[in-house]
Amino acid sequence: MNNVPHSDVQANGSSHGQHNDDAARDAVAARDEDSTALSEWDRLWDVVQKNPDDFASWEYLLRSAEQDEGGSPLNKDSSDASTEKLRTVYDHFLAKFPLCFGYWKKYADWELLLEGAQKSVEIFERGVVSIHNSIDLWTQYAAFRIETFPDDESAIRSLFDRGADQVGQDFLSHPFWDKYIDFEESKQNTAGVVSILERIVHIPLHQYARYFEKYTTLTAEGDSGEAGKADEEDQRKQAHDRNVATYMKTQSAVEKRWVFEAEIKRPYFHVKPLDEGQLVNWRKYLDFEETEGEQARIYTLYERCLVPCALYEEFWQRYVRFVLSRDDRTGAHSIFIRATTIFVPSTRPAIRLSYAAFEEGEGRVDKARAVYASILQQRHLETLTKSAYFEQRQAGLPGALKLLTEAIAGSSSNDSKAYLEVVKARIQYKANHDIMHTRSVYEEAIRTYSASKFLFLSYLLFEIQQNVTDEKAVIYIGQAWTSIKASTLAAEEKRDLGLRYLDHLHETSNDIALINAVELEVLREYSDKAGEASRKRSVEGTDAGGRVIKQMRASSSAPVPPAPVAPVAPTGYYPPQQPTGYYPQTGYAPQGYGAAANYYGAAAGGWDYSQQQQHGGTGY
């Protein structure tokens, strides 16, 4: 059984009557002669079109659209142009921010006023598809149905059943359940109330005790009414024995979750970032539910988490990994679509890179290429790297080299260019294993970018990887070290690379004279002269060679033996309502070089997107 529902992402407000940009332009073209009000609307519309992430401008625009040409609230007699503008703005706003449940309710209210109940129903339906786990919206929709169509009990109960499937497992879903119970009680349907309560008492809810008390009262009354007085006590005892296990189990489940629920300060969506404590709490809560292993509750918590955390790709990535662990590839695809087309800004490429890899793995190469293309303009190094390897796999070496050559030519950063030259060298070596050609690529690159530690480290490691029993290989490694010494790298950086070279000599060479000569050179020329930074690190727990020292701490005045030197390595989608329904350090690492120390994966320092976000980021 597929636990995660799949829905068309268009259901989030971009279809079901939503107007496109042409409709927006038509609305503007149909304006009346009040140029002051209209110019303000035009100005705000232009702002949100240029920067759709500007939430405040959207709010101003909505307020403007809710007024007619004369500045009065819209009403049934307002012009068609005014009502069309209102719908255009709400449709576009809710397509961008579908988790703002309060605006779905406002939109439904406007349609009730302007067009009538049936149009309002359409907006509510779009809303509960777009934010399927909104307790407030489901409750408001049910209240609207009860008030507007009181005689259609079948449709009302069907709506409650749909809502219960979507929000009933939520720890704070008691407002919805209360509304459901109130409705059945208003119809004097005691059997219906008991049926609802029989479902609720098994769910760990904030107000579980209140529901259980009501449930035990109603079931006791029912049992005693059917039995004779002589059997009344026995019936009560049987009812108690039948329910106590359920109560204790539910109580225990509530107590386990209370510690996490108490730390949730913002359960709703907002463009403002969450503080780290909130993110940590969600991570721990998800850890807990996954350990508990109850699938329905795990999915419910992921969906609930992705309301306040909708802009955080780490939670989308985690959700995808969880779903893939259940072998639900259709569900994973739906999550990717939802995250990349609606919620996570394009300035954050990690989820899109995962999506591209997923599509490639599914055999949809053209789709994968389109995903890469959508973020290549951001010019993130990780994106360029993974795109190049993708092209090598799918189109061969020329396509990868073309992409990298263009990226190098278009970059203004020497550090980025040096990094991409390394990627270019590795891709060529992977394709043809031509050692001499790859060596020439490195030699040319170090002449151009003589200040890149990552480039020199990659060059050194490339030579180390060759046949160490070959006398020529020893010469080439030595030449790489000579190039490092002649570079413009800082003394500390030369020291780090020299220590890596020295480690290699200890591991492979029997020439003690060479080992001693290199060690003297590294420590004398680059460690002793590395300056204040090295001396400071020595005080803080590293030796003169940059190796971390494991210091022993004593709790008494007993003599402390000398500290040994110990080198260490440097780190859904929407459930169906209806048919619509997954980042290097380059310093000295004697026991963690190469792949183990992430020397081969990314630019030094890891993937940092903050710089790009400072220039046209979303502000999230």
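Reading the values: rules and limits
- Residues numbered from 1 in each chain as written.
- Predicted model: local features only at pLDDT ≥ 70, side-chain atom pairs only at ≥ 80, totals over all residues.
- Heavy atoms only, no water.
- Phe/Tyr/Trp six-rings, centres within 6.5 Å; stacked < 30°, edge-to-face > 60°.
- Helix = DSSP H or I, 4+ residues; strand = E, 2+ residues; numbered from the N terminus.
- Buried < 20%, exposed > 50% of the residue type's maximum accessible area, 1.4 Å probe, protein only.
- Expected span 1.5 Å × (residues − 1).
- Contact = heavy atoms within 4.5 Å.
- 1 Å grid on protein atoms, 1.4 Å probe; cavity = no way out; pocket = protein on both sides within 12 Å on 5 of 7 lines; lining within 4 Å.
- Points joined across faces, edges and corners; volume = space filled by probe spheres on them.
- Nonpolar A, V, L, I, M, F, W, Y, C, P; charged D, E, K, R; others polar.
- Salt bridge = Lys/Arg side-chain N within 4 Å of Asp/Glu carboxyl O.
- Disulfide = S-S within 2.5 Å.
- Core = buried A, V, L, I, M, F, W, Y, C linked by side-chain atoms within 4.5 Å.
- Polar contact = N/O pair within 3.5 Å; in protein donor to acceptor, adjacent residues only side chain to side chain.
- pLDDT = per-residue confidence, 0-100.

(A) Expanded view of the packing of aromatic side chains. Under the criterion given, the structure shown has 37 aromatic pairs. Seen in terms of ring centroids, phenylalanine 171 and tryptophan 258 are 5.9 Å apart; in terms of plane orientation they differ by 75°. Their pairing is edge-to-face. A residue pair is termed long-range when its members are at least 10 positions apart, and phenylalanine 171 in the loop between α8 (153-167) and α9 (174-186) and tryptophan 258 in helix α12 (residues 232-261) qualify at 87 residues. For phenylalanine 171, a relative accessible area of 2% translates into the label buried.

(B) Fine view of helix α19 (residues 381-395). With 15 residues, α19 should cover 21 Å at 1.5 Å per step; its first-to-last C-alpha distance of 20 Å lies within 8% of that length. Burial in α19 covers these residues: Leu381, Glu382, Thr383, Leu384, Thr385, Ser387, Ala388, Phe390, Glu391 and Gln392. Summarising the contacts, the buried residues of α19 are in contact with α17 (350-361), α18 (365-376), α20 (397-410) and α21 (414-432). Phi turns positive, to about 95°, at glycine 396, one or two residues after α19.

(C) Structural detail: unusual backbone geometry. Despite not being glycine, aspartate 327 shows a phi value in the positive range, around 60°. Along the chain, aspartate 327 falls in the loop between α15 (313-325) and α16 (329-343). Even without a glycine there, the phi angle at arginine 379 is positive, about 60°. Checked against the element boundaries, arginine 379 lands in the loop between α18 and α19.

(D) Examining empty space enclosed by the protein more closely. Considered as a void within the structure, the second largest cavity measures approximately 40 Å³ in volume. Taken together, Gln169, Asp170, Phe171, Glu261, Tyr285, Glu289, Arg297, Thr300, Leu301 and Arg304 form the lining of the second largest cavity. Elements with a contribution of two residues or more to the lining of the second largest cavity: α13 (276-292) and α14 (295-305). A class-by-class count of the residues in the lining of the second largest cavity yields 3 nonpolar, 2 polar and 5 charged.

(E) Fine view of the pattern of salt bridges. A full pass over the atoms with the stated rule returns 37 salt bridges. Residue aspartate 109 pairs with lysine 105 through a salt bridge whose shortest N-O separation is 2.9 Å. Placement of the pair is aspartate 109 and lysine 105 together in helix α5 (residues 101-114), with a separation of 4 residues, close to one helical turn. Accessibility expressed as a relative area gives 37% for aspartate 109, which makes it partly exposed. Note on lysine 105: relative accessible area 24%, which makes it partly exposed. Measuring nitrogen to oxygen at the nearest pair gives 3.6 Å for the salt bridge that ties lysine 187 to glutamate 153. Placement of the pair is lysine 187 in the loop between α9 and α10 (190-200) and glutamate 153 in helix α8, with a sequence separation of 34 residues. The partly exposed category is assigned to lysine 187, whose relative accessible area is 32%. Three or more residues joined by partner-sharing salt bridges are found here, namely Glu153, Arg157, Glu184 and Lys187.

(F) Summary view of the state of the cysteines. Going through the model one piece at a time under the given rule, you end up with 0 disulfides. Just so you know, cysteine 305 is unpaired, no disulfide at all, and the nearest cysteine sulfur is the one on cysteine 309, 3.9 Å from it. The exposure class assigned to cysteine 305 is buried, which follows from its relative accessible area of 0%.

(G) Quick peek at the nonpolar core. Judged by nonpolar contacts, the single largest core of 101 residues is most densely connected at Phe93, Trp177, Phe269 and Phe315. It is α16 that contributes the most residues to this core, 7 residues altogether. Contacts of phenylalanine 93, omitting those with residues within four sequence positions, involve Phe55, Trp58, Leu62, Cys100 and Tyr103.

(H) Spatial organisation of the side chain of serine 134. Inspection of the secondary structure puts serine 134 in the loop between α6 (117-130) and α7 (135-148). Polar side-chain contacts of serine 134 include one of 3.1 Å to the backbone nitrogen of leucine 137. Sequence-distant contacts of serine 134, that is, excluding residues within four places in its chain, are made with Phe101 and Val167.

(I) Structural view of the side chain of arginine 257. Among the secondary structure elements, arginine 257 is positioned in helix α12. Residue class for arginine 257 comes out buried when judged on its relative accessible area of 3%.

(J) Main features of the confidence of the model for the protein. For the protein, the average pLDDT comes to 81, and 76% of its residues sit at 70 or higher. When the criterion is pLDDT under 50, residues 1-21 qualifies, and its contacts beyond four places in sequence or with other chains add up to 62 contacts. Within the model, pLDDT remains below 50 along residues 532-620, and this stretch shows 195 contacts once partners closer than five positions in the same chain are excluded.

(K) Looking closely at the environment of phenylalanine 454. Among the structural elements, phenylalanine 454 can be located in helix α23 (residues 453-465). Given the relative accessible area of 5%, phenylalanine 454 is considered buried. Taking C-alpha positions, phenylalanine 454 is 7.8 Å from alanine 418, a pair spaced 36 residues apart along the chain.

(L) Spotlight on α23. The terminal C-alpha atoms of α23 lie 18 Å apart, and with 13 residues this matches the ideal 18 Å at 1.5 Å per residue to within 8%. Within α23, 12 of the 13 residues are buried, which leaves it mostly tucked inside the rest of the structure.

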